[in-house]
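# Structural description and commentary
What follows is each chain in one-letter form.
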Amino acid sequence: MTSSTSTSSLWRAWTPITQQAGSLRIVEARGNRVRDAEDNWYLDGVSGVLNASCGHGHPRLIEAANQQLQKLVHYDPMVSSHDPAETLASRLAAILPGELNETCLVNSGSEATEAALRIALQYWHNIGEGRNRVITFEAGYHGTTHLAQQLSGLPFTVSEWSAPFPIDRVALPASPRALRTEEGADTLIALFAQAIEAGPPAAAVMVEPLLGLGGCVVLPNGFLARLRQLCDQHGTLLILDEVFCGFGRTGRMFGFEHEGITPDIVTMSKGISGGYLPLAAVTVTSPIKATFTREPIARGLRYGHTTGGHAVASAVGNAVLDVMADEKLVENSATQGALLLDELRKLESSPLVTDVRGLGLVIAIEADSPESAAAIGNAAVRSGVMVRHERGVIRIAPPLTITADETTEMIQKISDAVDVAATAHA
Ligand SMILES: Cc1ncc(COP(=O)(O)O)c(C=O)c1O
């Protein structure tokens, strides 16, 4: 089912240089399905790049982009503002809790991380404390701009360059399965406390509410709430990266809502525009922004991009919020996600499967080896469900528009793929 591109001038920089040829070529996507160049249709089990939360080809999102294209494509964000960006920023303030009212719009999750770190470190400078140490998960992922890449300790983010500020990374003390217990939460919070106390006062703790690219690791109940308390005790800023989890992915609008907490800074991308156009945001509390009034920083954060808060992308962002509300996509994520997880958990009886975990429409099937994960993932794709496997984990994150029938089809095809792989392995 793969179509080869024998010669290509396109360098897909994430893909190993030796594996660029022979890739799948996707030519069309509609609803919750995608079609390759050989006319095979697949149920989309990964939402494009984990961002097509409203499905593909949604008429209301296309219409919002079309209308904005005809009215105003974009204008210089340094000297002017426009309605789509103003509206989006105020709508984000309305759906985010507490004093999270101040939003910078950027183009990608990595840029949102970059902006969040600059704001956090500059904030400490603004108030006369030179804090610059950042604490994070070793298995976290926050992007690939220089600052963002430094945070992660995942093997595929290893960089040749050193970090411009001290970073302490907390390694997971147990398997994802063992972590989802009360003892797991205790151990994990003790490690973060240790990291905070082990050096000079920490500027920020930056984590994802669920470690997405680090293996879809569901954090133990109560962990984030306790992390919030820990940060408060030390006056450390809590930055939550909602790039993967935000906009309904985990069955709540934001991942942190499961724990009823309010971060100081939140980053968003992916679902914010349903993947229709590049768009990301970093929102900070009003007291943080209020410190940016002194010279020389009062002249501006000195961070931003030509296309930041692009009018067409922002118009789509506003339409995404309408579609999510009208089609009850957060609720659907919770309902279909629970169904998927309940049924796929039965695969834990397979000799190849060591753990099935998830939250909302993020499900991970952990296999006993990377080879088993590849066998299951490839069998699923051959049967017509697009899934991704990495380092022993098969990731399933369909659009939030998935129907009950499509959920049933996905469960059946993935279960069959596990059987096929187990039979071949036996
Ligand atoms: C949690 C998280 N943060 C940041 C990023 C980086 O986003 P982008 O690829 O848009 O730069 C990603 C991308 O997958 C992510 O999952």
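Keep in mind the model is a prediction, meaning the values are calculated, not measured.

## Comments concerning the overall build of the protein
A tally of regular secondary structure across the protein gives 13 helices and 17 strands. In terms of overall dimensions, the protein is globule-like: its C-alpha atoms have a radius of gyration of 21 Å, near the 22 Å expected for 426 residues. Viewed in the frame of its principal axes, the protein has a C-alpha envelope of about 65 × 55 × 40 Å. The buried share of the protein, reckoned over its 426 residues, is 54%.

## Quick look at the domain arrangement of the protein
When cut into domains, the protein gives domain 1 (17-54 + 327-425) and domain 2 (61-326). Each of domain 1 and domain 2 was reduced to a C-alpha centroid, and the two centroids are 27 Å apart. Contact with domain 1, which involves 32 residues of that partner, is made by 31 residues of domain 2. Buried area between domain 1 and domain 2, summed over both chains or domains, comes out near 2500 Å², and the portion from carbon and sulfur atoms is 58%. For the pair domain 1 and domain 2, the interface holds three salt bridges. The closest approach of N and O atoms between Arg177 and Asp355, which form a salt bridge, is 3.0 Å. Seen at the junction of domain 1 and domain 2, the total is 22 residue pairs in polar contact (both at pLDDT 80 or more). Among the secondary structure elements, those contributing two or more residues to the side of domain 1 that touches domain 2 are helix H1 (47-50), helix H11 (329-344), strand E13 (353-359), strand E14 (362-367) and strand E17 (393-396). A per-element tally of the side of domain 1 that touches domain 2 places E13 first, with six residues. Residues belonging to the side of domain 1 that touches domain 2 are distributed by class as follows: 17 nonpolar, seven polar and eight charged.

Parameters and conventions
- Residues numbered from 1 in each chain as written.
- Predicted model: local features only at pLDDT ≥ 70, side-chain atom pairs only at ≥ 80, totals over all residues.
- Heavy atoms only, no water.
- Helix = DSSP H or I, 4+ residues; strand = E, 2+ residues; numbered from the N terminus.
- Rg over C-alpha atoms; globule rule 2.2 N^0.38 Å.
- Buried < 20%, exposed > 50% of the residue type's maximum accessible area, 1.4 Å probe, protein only.
- Domains from an automatic or database assignment.
- Contact = heavy atoms within 4.5 Å.
- Buried area = accessible area lost by both parts, 1.4 Å probe.
- Salt bridge = Lys/Arg side-chain N within 4 Å of Asp/Glu carboxyl O.
- Polar contact = N/O pair within 3.5 Å; in protein donor to acceptor, adjacent residues only side chain to side chain.
- Nonpolar A, V, L, I, M, F, W, Y, C, P; charged D, E, K, R; others polar.

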